[in-house]
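# Structure assessment
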Amino acid sequence: MTANRAVYPVQPMAKVMGVSRSGVHAWQRRAPSTRSVADAAPSERLAEIPCTSKHLRRAEDLRRTGR
């Protein structure tokens with residue numbers, strides 16, 4: 001929804017998605033959930049590891065560093 005706010009008003013998008021307009025605004029102001037933060041963490045750690053070979057090397061580096 002955030003990406004389309006420049007093109008469409010919030011109210012019609014909320015109606016199409018079956019949510020309230022106030023719920024959309026509350027969702028936008030809410031801090032990220034613990035789950036979404038935890039889900040993003042492995043991706044950030046993988047990006048920190050320099051890797052010149054295949055994905056298997058990244059998994060080995062994660063195991064070796066204890067992350």
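Residues numbered from 1 in each chain as written. Predicted model: local features only at pLDDT ≥ 70, side-chain atom pairs only at ≥ 80, totals over all residues. Heavy atoms only, no water.

Packing of helix α1 (residues 10–17) against helix α2 (residues 21–29) brings their axes to within 9 Å, and their N-to-C directions diverge by 100 degrees. In this view, α1 runs roughly perpendicular relative to α2, as classed from their interaxial angle. In this structure, α1 contributes Val10, Gln11 and Ala14 to the contact, and α2 contributes Arg21, Val24 and His25. A breakdown of the residues in the contact of α1 with α2 according to their chemical character gives 3 nonpolar, 2 polar and 1 charged. (Axes fitted to C-alpha atoms, helices over the stretch in contact; angles between N-to-C directions. Helix = DSSP H or I, 4+ residues; strand = E, 2+ residues; numbered from the N terminus. Parallel < 35°, antiparallel > 145°, perpendicular 65-115°, else oblique. Contact = heavy atoms within 4.5 Å. Nonpolar A, V, L, I, M, F, W, Y, C, P; charged D, E, K, R; others polar.)

Chain-level statistics for the chain give a pLDDT mean of 78 and a share of 70% at 70 or above. Taken element by element, the predicted model of the chain shows its lowest mean pLDDT in helix α4 (residues 55–65) (68) and its highest in α1 (90). (pLDDT = per-residue confidence, 0-100.)

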